[in-house]
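Chain residues, written in single-letter form:
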Amino acid sequence: QVQLVESGGGMVQAGGSLRLSCAASGRTFSSDTMGWFRQAPGKDREFVASISWGGGSTYYADSVKGRFTITRDNAKNTVYLQMNSLKPEDTAVYYCAASDRGWANLRISVQYGYWGQGTQVTVSS
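Residues numbered from 1 in each chain as written. Predicted model: local features only at pLDDT ≥ 70, side-chain atom pairs only at ≥ 80, totals over all residues. Heavy atoms only, no water.

**With respect to the sheet that holds strand β7 (residues 68-73)**
For step 1, the next point in the chain: If you walk across this open sheet you meet the 4 strands as β1-β3-β8-β7, and the pairing is antiparallel. If you trace the sheet from one side to the other, it starts and ends with β1 (3-7) and β7, each paired once. The sheet shows a mean angle of 15 degrees between the axes of neighbouring strands, taken without regard to direction.
For step 2, the next point in the chain: Sheet analysis places β7 next to strand β8 (residues 78-83), joined by 6 bridges and oriented antiparallel. (Pairing = 2+ DSSP bridges. Helix = DSSP H or I, 4+ residues; strand = E, 2+ residues; numbered from the N terminus. Axes fitted to C-alpha atoms, helices over the stretch in contact; angles between N-to-C directions.)

**With respect to the pairing of strand β5 (residues 46-51)**
For step 1, the next point in the chain: By the criterion of burial, β5 is predominantly enclosed, with 5 of the 6 residues buried.
For step 2, the next point in the chain: Summarising the sheet, strand β4 (residues 33-39) and β5 pair through 5 bridges and their orientation is antiparallel. Paired with W36 across the bridge in β5 is A49.
For step 3, the next point in the chain: Here β4 hands over to β5 after 6 residues, with G42 in that stretch at a positive phi of 75 degrees.
For step 4, the next point in the chain: As paired elements, β5 and strand β6 (residues 58-60) share 3 bridges and run antiparallel to each other. The residue bridging S50 from the neighbouring strand is Y59, located in β6.
For step 5, the next point in the chain: The antiparallel pairing of β5 with β6 creates a hairpin that spans 6 residues between the two strands, and G55 there sits at a positive phi of about 85 degrees. (Buried < 20%, exposed > 50% of the residue type's maximum accessible area, 1.4 Å probe, protein only.)

**As for the side chain of R38**
For step 1, the next point in the chain: Topologically, R38 is positioned in strand β4.
For step 2, the next point in the chain: When its relative accessible area of 5% is taken as the criterion, R38 is described as buried.
For step 3, the next point in the chain: Side-chain polar atoms of R38 contact the side chain of E46, separated by 2.6 Å.
For step 4, the next point in the chain: Side-chain polar atoms of R38 contact the side chain of D90, separated by 2.9 Å.
For step 5, the next point in the chain: Once you skip the residues sitting within four places of it in the chain, R38 turns out to touch D44, R45, E46, V48, S63, V64, F68, E89, D90, A92, V93 and Y94. (Polar contact = N/O pair within 3.5 Å; in protein donor to acceptor, adjacent residues only side chain to side chain. Contact = heavy atoms within 4.5 Å.)

**Section: the pattern of salt bridges**
For step 1, the next point in the chain: Applying the stated criterion to the full structure yields 5 salt bridges.
For step 2, the next point in the chain: One salt bridge in this structure joins R38 and E46, with 2.6 Å as the shortest N-O distance.
For step 3, the next point in the chain: A cluster of three or more residues bridged by salt bridges with shared partners is formed by R38, E46, R67 and D90. (Salt bridge = Lys/Arg side-chain N within 4 Å of Asp/Glu carboxyl O.)

In structure tokens, the structure reads:
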């Protein structure tokens, strides 16, 4: 059974940091593009960041550029999202996703065939 399991969410004050993890199992994701998306209450799911299979390329939404960093450890089948300088508008459920369609259409959720269950991040002002 293919699974992506996120962890590391929680509540933090504005300006604080959190590190999300996404552990993959059931198949090897080392050749997949991995991504993070988020969905705030009453809003559509939005792209946050992506990383290529080898980690050599990354891509970020403008809203998080310079504050968030996506990395991966293929030996552990895990992808991370380091979130610094958090703002109340970063409050959302964060989802990990995997795409076996290469480095393309990264911002489009349907490009990703595998999804985690999400982890809540709440940033208080």
